[in-house]
Amino acid sequence: MSRSRLLLIIAQTALAAMALAGCVVGPSYQRPTLALTPDYRNAGFQPAPATPASSVASDWWAGFDDPALSRVVARALAGNLDIAQAQGRLQQSRAQAQAATAALLPAGEATASAVNQEQSLRSPIGEIGQHLPGYQRTTDQYDLGLGASWELDAFGGLTRARQAARAGARASLDDLAAVRVAVAAETADAYLQVRAYQARLAVARRQDGVENDLVDLLNRRTAQGVASERELHEARALLEGVRSTIPPLTAALEAELNRLDILMGAQAGTWRAELATPGPIPAPPAISTAEGPPALLRRRPDIVAAEQRLVASNAAIGAAISDYYPKVSISGLLGLESISTAELFTGQAAQHQVGAGLRWRLFDFGRVDAEVGEARGRYAESLAAWRATVLAATGEVETALSDLTQDEARIRTLTAQVTELQADRSQAETAYEGGVISLVEVRDADRDLLAASDQLAQTRAAAARAAIAAYRALGGGWSG
C-alpha cells in the first residue's frame, strides 16, 4: 500500500471518529428527588427570634460573642490534621481529574539516543563478519524521534471517565468543607465543655467549703453536747461525697483541654495555660430555620458530596457501556537514524511511521455486561447513600432543635429555682442572725442553692452544645 493511500485511510478514519464524537453513550444525569416537608417540626419552638441565615453561614461561632471561642476555632481551622488529610485527598482527586482530561488529547513523546557498540568476535555474527571485507567491529548509532498517538473518543467513553473524575474531585472539595464544618463544631463543643467543667468545679469547691464549715460547726456542737454523733457523721459523709465529685470533674476538664489541643493540631498541653482561667459559659445565639429541610440539599456539604458521587457513578455507567463499541486510535512517528552524526540530519537518515488502530472487545461482551451491571449497582448504592445522608441530616437538625428547645426551657426553670433559693438563703441568714434558726439550717440552704447552681451550669452548657449541633446539622460554616 502506498504512503499516500495509507495517509488517506487514516484521515478518513479520524474524520469518521470525530463525526461520531458527539455520540456519548450512557444515561444522562438526572438529579434525584426526595419528598421533604417545608418546615422543621421544632422550628416553631425557638426561644428567641431567629437570625438571618446569611449571618450564620460562615462564622456562626462569632454569634456566641466569646473572643476565646473564636480564637480556638480559628486556630483549629488553620492547624487541624483532619483538614490537612482532606486537603491531601482533594489534591489527589484533582490530579485524577486532570489525568482524565489529558486522556482526551493526543499524547506525544520525543526520544534521543547515542549508542557505541563493540561486536563480539566469538558471537555468530562476529565469527562470520570478521572474514567479510569492510567489517567494522565497533559501530556508533544515533537516533532522534518524535512520536504521537491519539485515541479518538468516538463513543464518549473517555468523556464519561472525565465526567466521573471531575465529579469525584468536586466531591473531595465538598468533603473538605464537611470536615471543616465538623472541626469547627467539635472545637466549639470542646471549648464549651471546658467552660462547663470549670463552672461545675467552682460550684463543687464552694460546696466543699459549705460542707466543711458545717462539719466544723458540728464538731464544736458535739463537743459541747448540743449535737449528736450521728449528725456529725452524716455531715462528714456529705463532705466526702462532695469531695469525691471533684476528681472526676478535674479529669473531664483535663480531657477536654487535651481534646482542644489535638483539634488545633498541637500536642496535648500546648494551649492549656491560655484557658486556665475560668470563663463564663457563652449563651447560644438564635438559629434561623426559615429555609426548612429542602435547603439542606445545598447547605450541607456532605449532601452535596454524596450527590457528586452519584454524578460520578452515573458517568461510570457510560464509560462501561462504551466498551461495547470499538476504540479507534491513530499514531505517528517521525525520526532520524544514522551511524554517523555527520549524516544524522540528511534526508537519507529520515524515517517515519503512521498507522491507524482498532480495538474492539467483540468476543468479550459477557465481561462487558458484568462491568456495566457493576456500574449500575454502584449507581444504585450511591443513590441510596445520598438519600440516607439527606434523611440523617434532617434527623440531626430536628434532634438538635428539640434538645435546644428543651434545654432553654429547663434553663428558665432552673434560673427561677436559683432565684428562689437565693432568696431562701438570704432569709435563712437573717433568721440565723436573729436566733430563730441554727447555722445547720443556713448550711442546708447553701447546699440546696449550690446543687441547683450546678444543674444550671450543666444545662447552660447543654443548651450551647445543642446550638452548636444545630449549626453543624444545618451546614453552618460552609457556603456552597
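Quick note: structure is the one above.
The numbers attached to residues start from 1 for each chain and follow its sequence in the written order. Two thresholds apply to this predicted model, a pLDDT of at least 70 for residue-level local features and 80 or more for giving and counting side-chain atom pairs, whereas whole-chain, interface and lining totals are computed over all residues. Side-chain descriptors were evaluated using all non-hydrogen atoms of the structure, hydrogens and water having been removed beforehand.

With that settled, consider the overall build of the chain. Scanning the chain for helices and strands turns up 10 helices and 4 strands. Numbering of helices and strands starts at the N terminus; helices are DSSP runs of H or I of at least 4 residues and strands are runs of E of at least 2. Listing every helix and strand of the chain by position from the N terminus yields α-α-α-β-α-β-α-α-α-α-β-β-α-α. For a compact globule the rule gives 2.2 Å times the number of residues to the power 0.38, and the radius of gyration it is set against comes from C-alpha atoms. Relative to a compact globule of 480 residues, whose C-alpha radius of gyration would be 23 Å, the chain shows 38 Å and is clearly more extended. Seen through its C-alpha atoms, the chain measures out along the principal axes to roughly 135 × 60 × 40 Å. With 480 residues in all, the chain has 41% of them scored as buried. We call two residues in contact when some of their heavy atoms are within 4.5 Å. Summarising the internal contacts of the chain: among those between residues at least 6 apart in sequence, 83% fall at separations of at least 24. Looking at the chain as shown, the accessible area adds up to about 25,500 Å², and 55% of this sits on carbon and sulfur atoms. Averaging the coordinates of the 45 positive side-chain charges in the chain and doing the same for the 53 negative ones gives two points 5 Å apart. Three exposure classes are used, based on accessible area relative to the maximum for each residue type with a 1.4 Å probe and protein chains only: buried under 20%, partly exposed in between, and exposed over 50%. All accessible areas in this document rest on Shrake-Rupley with a 1.4 Å probe, and a residue is counted as covered only by the protein chains that are shown. We count Lys and Arg on the positive side and Asp and Glu on the negative side, and we leave His and both chain ends out. A single reference atom marks each charge: NZ on Lys, CZ on Arg, CG on Asp, CD on Glu.

This part is about the nonpolar core. Ranked by internal contacts, the top residues of the largest apolar core, which has 68 residues, are Trp60, Phe64, Leu69 and Val73. Secondary-structure elements contributing two or more residues to this core are helix H2 (67-79), helix H3 (81-102), helix H5 (157-223), helix H6 (229-263), helix H8 (301-321), helix H9 (365-433) and helix H10 (439-473). For this core, the element with the most residues is H5, which contributes 14 residues. Once residues within four sequence positions are removed from consideration, Val73 is found in contact with Trp61, Ala184, Thr187 and Ala188. The criterion is simple. A nonpolar core is a set of buried Ala, Val, Leu, Ile, Met, Phe, Trp, Tyr and Cys residues joined through side-chain atoms within 4.5 Å. If you look at the next biggest cluster of nonpolar residues, it comprises 13 residues, including Leu214, Leu217, Ala235 and Val442.

Once that is clear, we can look at the environment of Met264. Looking at the element boundaries, Met264 is found in the loop between H6 and helix H7 (296-299). The sequence separation of Met264 and Arg472 amounts to 208 residues, and the corresponding C-alpha distance is 18 Å. Ignoring anything within four residues of it in the chain, the contact list for Met264 reads Val72, Arg75, Ala76, Gly79, Asn80 and Trp271.

To continue, consider the sheet that holds strand E3 (residues 327-338). In this scheme, strands are said to pair when DSSP sees at least two bridges between them. Reading across from one edge, E1-E2-E3-E4 is the order of the 4 strands in this open sheet, with antiparallel pairing throughout. The open sheet has two edge strands, strand E1 (107-118) and strand E4 (350-359), and neither has a second partner. The sheet shows a mean angle of 15° between the axes of neighbouring strands, direction not considered. As defined by bridge partners, E1 adjoins strand E2 (residues 138-152) across 12 bridges and the pair is classed as antiparallel. Note on E2: the bridge partner recorded for Thr111 is Gly145. The angle between two axes is taken between their N-to-C directions and runs from 0 to 180 degrees, where each axis is a line fitted to C-alpha atoms and a helix contributes only its stretch in contact.

Let's shift gears to empty space enclosed by the protein. Detection works on a 1 Å grid of protein atoms alone, calling trapped sets that fit a 1.4 Å probe cavities and calling open sets with protein on both sides within 12 Å along at least five of seven lines pockets, with lining residues defined by an atom within 4 Å of a point. Grid points are joined across faces, edges and corners, and a volume is the space filled by probe spheres set on the points. Applying the stated criterion across every chain, the model contains 1 cavity of 30 Å³ or more. What lines the largest cavity is a set of 10 residues, among which Ser288, Glu291, Gly292, Arg299 and Leu474 lie closest to the centre. Think of it as three bins: nonpolar holds Ala, Val, Leu, Ile, Met, Phe, Trp, Tyr, Cys and Pro, charged holds Asp, Glu, Lys and Arg, and polar takes everything else, Gly as well. Partitioning the lining of the largest cavity into residue classes produces 5 nonpolar, 3 polar and 2 charged.

What follows concerns H5. For a helix, the expected span equals 1.5 Å multiplied by the residue count minus one. Taking 1.5 Å of rise per residue, 67 residues should cover 99 Å, and H5 covers 96 Å from first to last C-alpha, within 8% of that figure. With its phi angle positive at about 80°, Gly225 sits one or two positions after the end of H5.

Now for a nonpolar patch on the surface. Two joining distances apply to patches: 9 Å for like charges and 5 Å for nonpolar side chains (Val, Leu, Ile, Met, Phe, Trp, Tyr), and every residue must have over 30% relative accessible area and no salt bridge. Basic side-chain nitrogens of Lys or Arg form a salt bridge, by our definition, when they fall within 4 Å of a carboxyl oxygen of Asp or Glu. Taken together, Trp360, Leu362 and Phe363 make up a surface patch of nonpolar side chains, about 390 Å² in accessible area. Note on placement: Phe363 falls in the loop between E4 and H9. Using a relative accessible area of 81% as the deciding quantity, one classes Phe363 as exposed.

Summarising the element assignment, Arg300 is placed in the loop between H7 and H8. One polar contact links the side chain of Arg300 to the main-chain carbonyl oxygen of Ala473, over a distance of 2.8 Å. The definition of a polar contact used here is a pair of N or O atoms within 3.5 Å, where within protein one atom must be able to donate a hydrogen and the other to accept one, and adjacent residues in sequence count solely through side-chain atom pairs.

The next subject is unusual backbone geometry. Of note, the phi angle at Asp65 is positive, near 55°, even though the residue is not glycine. Mapping Asp65 onto the fold places it in the loop between helix H1 (3-20) and H2.

So, on to the packing of aromatic side chains. Stacked, tilted and edge-to-face pairs are distinguished by plane angle, under 30 degrees for stacked and over 60 for edge-to-face with tilted covering the rest, among Phe, Tyr and Trp rings (Trp via its six-membered ring) whose centres lie within 6.5 Å. Applying the stated criterion to the full structure yields 5 aromatic pairs. Here Tyr324 and Phe365 contribute two aromatic rings whose centre-to-centre distance is 5.5 Å and whose plane-to-plane angle is 75°, an arrangement assigned as edge-to-face. Of this pair, Tyr324 sits in the loop between H8 and E3 while Phe365 sits in helix H9, and the two are 41 residues apart along the sequence. Using a relative accessible area of 24% as the deciding quantity, one classes Tyr324 as partly exposed. Put simply, the rings of Trp60, Trp61, Phe64 and Tyr471 pair up and form one aromatic cluster.

We now examine the pattern of salt bridges. With the rule as written, the count across this model stands at 29 salt bridges. Of the charged contacts in the structure, one is a salt bridge between Arg361 and Glu371, with a shortest N-O distance of 3.2 Å. One end of the pair, Arg361, is in the loop between E4 and H9; the other, Glu371, is in helix H9, with 10 residues separating them in the sequence. Overall, the relative accessible area of 19% leaves Arg361 in the buried class.

This next bit is on H6. Between the first and last C-alpha of H6 there are 52 Å, a value that for 35 residues agrees with the 51 Å anticipated at 1.5 Å per step. Gly265 sits one or two residues past H6 and shows a positive phi near 75°.

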